[in-house]
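Chain residues, written in single-letter form:
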2 protein chains.
Amino acid sequence: MCGGIGSRFWPYSRESKPKQFIDFLGTGRSLLQMSYDRVLPIVNRENILIVTNAQYLELIREQLPDLPEENILLEPARRNTAPCIAWAAYHIAARDPQASIMVAPSDHLITRDQLFQESIINGFEFVENNDALLTLGINPTRPETGYGYIQVGQKAQGNIFHVKTFTEKPKRELAEVFLESGEFFWNSGIFLWSAQTIIRELKTNAPDVSNCFEKGKDLFGTPAEKEFIAENFPGCMGISIDFAVMEKARNVYVECVEFGWNDLGTWSALYDNSPKNRDANVAQNCNVLAYNSTDNIFAVNGEKLVVVDGLKGYIVADAGDVLLICPKSEEQRIKQMVNDVKLSFGDKFL
Amino acid sequence: MCGGIGSRFWPYSRESKPKQFIDFLGTGRSLLQMSYDRVLPIVNRENILIVTNAQYLELIREQLPDLPEENILLEPARRNTAPCIAWAAYHIAARDPQASIMVAPSDHLITRDQLFQESIINGFEFVENNDALLTLGINPTRPETGYGYIQVGQKAQGNIFHVKTFTEKPKRELAEVFLESGEFFWNSGIFLWSAQTIIRELKTNAPDVSNCFEKGKDLFGTPAEKEFIAENFPGCMGISIDFAVMEKARNVYVECVEFGWNDLGTWSALYDNSPKNRDANVAQNCNVLAYNSTDNIFAVNGEKLVVVDGLKGYIVADAGDVLLICPKSEEQRIKQMVNDVKLSFGDKFL
C-alpha cells in the first residue's frame with residue numbers, strides 16, 4: 001500500500017512526493033524501496049503488487065525500475081485501506097484463486113528484516129491452513145499512545161492467538177496498564193490472509209465496499225479492469241480495513257512478533273528511531289551546528305546547513321519552499337496547519 | 001563606503017553579497033541603492049565615489065548602472081575605515097584640492113531624506129568655512145547600548161557643537177543617564193570635512209595610515225594609482241577612522257541632527273525598524289503563518305512559506321543553503337557562529 005500523503009510529516013512529506021518515496025533515514029533508499037527490499041527474499045518479484053494513487057506512477061517507476069509495470073495498481077481516488085485491499089484481493093484472486101496475500105504499508109520502519117521474513121513465512125503457513133484473518137501484533141516496548149492495541153485471547157498455535165479486542169490510541173494511563181498486562185500488542189497494519197477469506201469477509205462485514213468490486217469480478221485480470229476501476233472505484237466509500245473488517249470479523253488472529261517495527265507515523269516516532277548526537281539532536285540529511293539546543297529533530301533537504309541557538313524539543317523541517325518550526329509536543333497541530341496553509345495559499349505549498 | 005561584509009546579519013548577509021547589496025526592507029532597492037538615491041539630489045553623480053572591496057565590482061555595476069566606472073575605488077584588501085577614507089581623500093584631493101567630502105556608510109537606514117539633505121548642506125557650509133572635522137550626531141530616542149555616543153561641548157553655531165567626549169557602546173544604566181542628560185548623541189559614522197583637513201589630521205594623528213598614501217601622492221588621479229594601491233593598500237594597518245583620528249583630533253565638531261537614522265547593525269535594530277503584524281512578528285520578503293509565536297523576525301529569501309509554532313523573540317533567517325534560528329537576545333553570538341561555521345565547513349557557507 002503506497003498511496004498515502006503523509007500529511008503528518010508535512011512539509012517534508014508533500015502531496016507530490018509523500019513520505020514513502022523519501023529517503024527518510026538517509027540510507028540512500030526510500031521507505032518504499034526499503035519495504036520492497038524487505039519482501040524480495042520471500043516473495044517473487046512478479047507477485048509483489050503496489051497499490052497507489054495514479055499520481056505516483058512515475059515515482060514508482062523511478063524507485064522500483066525492476067517491478068513489472070502491470071504490478072502497479074493505480075487508484076483513481078483516495079478511499080482509505082479497505083477499498084485498496086479489496087481491489088488487490090479481487091485482482092490477485094483472478095490471477096490465482098488459491099493465493100495467499102500479505103498486505104503491508106510501504107512507509108513503516110522495520111529494523112530486523114530477517115525476523116520479519118521469518119514471521120511472514122510463519123504467518124503464511126497459518127493462513128494457508130486456517131480460515132483466518134491474521135494481523136501482526138508487535139510486542140510493545142513503551143506505553144505508546146499513538147498506536148492501536150490488540151488484546152490477545154486464546155492461543156491458536158505457537159505465537160499466534162485469537163484476538164479478543166482492538167483498542168484505538170489509548171490514554172497514557174491505559175497504555176501503561178496495557179504494557180504491564182502482557183496481553184496487549186501494537187497493531188502493525190500488516191495483515192495475512194488468503195484471497196478467498198478476505199473477499200468473503202469483505203462481503204460479510206463490508207458489503208458497501210465489496211459490492212463495488214463484486215459486480216465486476218469477471219473483469220479483474222482482463223484488459224477491461226482498468227476502465228471498470230476508473231468508473232467504480234471513486235464511488236466506493238472511504239473506510240479503513242480495521243473498521244470495515246478486522247473489528248467485526250470472527251476469525252481474526254494475531255501473530256505476536258518483534259522485529260524492530262515503527263510506523264514512523266509522527267515526527268516524534270522518527271526522532272525516537274533516529275541516531276542522536278550528544279545533545280540528543282537528530283539531523284536528517286543535513287549539517288547542524290547547535291548551541292544550547294537539545295532534543296530537536298532537523299529534517300532539511302540536501303546539503304543545507306542549519307545553525308540554531310536556544311531550541312529545545314522542536315521539529316525543524318525545511319522543504320525548499322516551506323519551512324516548519326514546531327515543538328515536537330505540538331505536532332498534532334500539523335494537520336491543522338496544512339489546512340490553514342491551503343486556505344491561505346491554495347495548493348502550492350501542499 | 002561599501003566594502004563591509006555584514007557578518008552580524010549572516011546568513012542573510014553573505015560575504016559574496018553583503019547587507020548593503022540586499023533589498024533589506026523589501027522596497028525594491030538595496031541599502032546601497034537607497035543611499036545613492038539619497039545623496040543624488042545634493043551631489044553630482046560624477047562626484048559620488050564608491051569605495052569597496054574588489055570582489056563587489058560586478059554587484060555595484062549592476063545596482064548603480066549610471067555611476068561612472070572610474071568612480072568605483074576597489075580596495076585590494078579589507079582594512080577598516082581609516083585607510084578607506086584616507087585613499088578616497090587623496091584621490092579626491094588630486095581631482096580638486098579644494099574639495100569638501102561627505103563620508104557615509106552605504107548600509108544605514110535613513111527614513112527622512114529631506115532632513116538628511118538639509119543637514120548635509122548645512123554641514124558642508126560649516127566645513128567649507130571652518131577648519132573642522134564634523135561628525136553627524138543623532139538625537140537619541142532610547143537608551144541604545146549598541147551605539148557609540150558623542151557628548152557635545154560648547155556651541156559653535158546653530159546645531160553644531162564642539163565634541164567633548166566619545167563613548168563606545170555604554171552599559172544600559174549609563175545609556176539611560178546619557179539619554180536623560182540631553183548632552184549625548186549617537187555617533188552616526190557620517191562625516192564631513194575638506195580633503196585638506198582630513199589629510200592633515202591623518203598625518204598628525206595616524207601617520208602609519210597616511211604614510212601608505214603620502215608616498216604616492218603624485219600618483220592619485222593618474223593611471224599609476226591603481227598599481228600603487230595594489231602594492232601599498234594591503235600593507236596599511238586596519239583601523240577605524242574614529243580610533244585613528246576622531247578621538248584624537250582637536251578640531252572635532254558634531255552637528256546634532258534628527259532624520260530617522262538607524263545603522264541596521266543588528267537583527268534587533270532591523271526588527272525595531274520594520275512593520276510588525278498583530279503578533280509583533282516581522283516578516284521580511286516571506287509569507288509567515290505563526291501560531292503562539294510573537295516578537296520574531298523572519299528573513300527568508302523569495303517566496304518561501306514559513307510556518308512556526310511556539311517561537312518567541314527569535315531570528316529565523318534562511319539564505320537558501322543556510323538556515324539560522326537564534327534568539328534575538330543572543331544575536332551577539334552570530335559572529336562566533338560564523339567563525340565556527342568556517343572552522344567546521346570552510347568558506348562555502350560564509
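Draft legend 1. Seen up close, the confidence of the model for chain A. In this model, chain A carries a mean pLDDT of 94, and residues with pLDDT of at least 70 account for 100%. Both confidence scores are given for the complex: pTM 0.79, ipTM 0.78.

Draft legend 2. The arrangement of the relation of the copies chain A and chain B in detail. Aligned on chain B, chain A shows an RMSD of 0.1 Å; the corresponding rotation is 179° and the shift along the axis is 0.1 Å. Each copy turns onto its partner about a two-fold axis. Across chain A, the rotation axis passes nearest the C-alpha of G320 of chain A, at a separation of 3.9 Å. In this assembly, 100% of the residues forming the interface of chain A have copies in chain B that are likewise at the interface, indicating an isologous arrangement.

Draft legend 3. Examining the sheet that holds strand β11 (residues 282–284) of chain A more closely. Ordered in space as β11(A)-β13(A)-β15(A)-β16(A)-β14(B)-β12(B), the 6 strands form an open sheet in which the pairing is mixed. The two strands at the open ends of the sheet, each matched to only one other strand, are β11 of chain A together with β12 (287–291) of chain B. Taken pair by pair, the neighbouring strands of this sheet meet at an average axis angle of 5°, ignoring direction. As paired strands, strand β13 (residues 297–300) of chain A and strand β15 (residues 314–318) of chain A are joined by 4 bridges and run parallel to one another. Directly across from F298 of chain A, in β15 of chain A, lies its bridge partner V316 of chain A.

Draft legend 4. Seen up close, the interface of chain A and chain B. Taken together, the 35 residues of chain A in the interface contact 35 residues of chain B. Interface area for chain A against chain B, summed over the two sides, is near 2800 Å², with a carbon-plus-sulfur share of 61%. Of all residues in chain A, L305, D309 and L323 of chain A bury the most surface against chain B, accounting for 23% of the area lost on that side. Where chain A meets chain B, there are 4 salt bridges. With a closest N to O distance of 2.7 Å, D318 of chain B and K304 of chain A form a salt bridge.

What counts and what doesn't
- Residues numbered from 1 in each chain as written.
- Chains lettered and ligands numbered in written order.
- Predicted model: local features only at pLDDT ≥ 70, side-chain atom pairs only at ≥ 80, totals over all residues.
- Heavy atoms only, no water.
- pLDDT = per-residue confidence, 0-100.
- Least-squares fit on C-alpha atoms with pLDDT ≥ 70 in both.
- Contact = heavy atoms within 4.5 Å.
- Pairing = 2+ DSSP bridges.
- Helix = DSSP H or I, 4+ residues; strand = E, 2+ residues; numbered from the N terminus.
- Axes fitted to C-alpha atoms, helices over the stretch in contact; angles between N-to-C directions.
- Buried area = accessible area lost by both parts, 1.4 Å probe.
- Salt bridge = Lys/Arg side-chain N within 4 Å of Asp/Glu carboxyl O.

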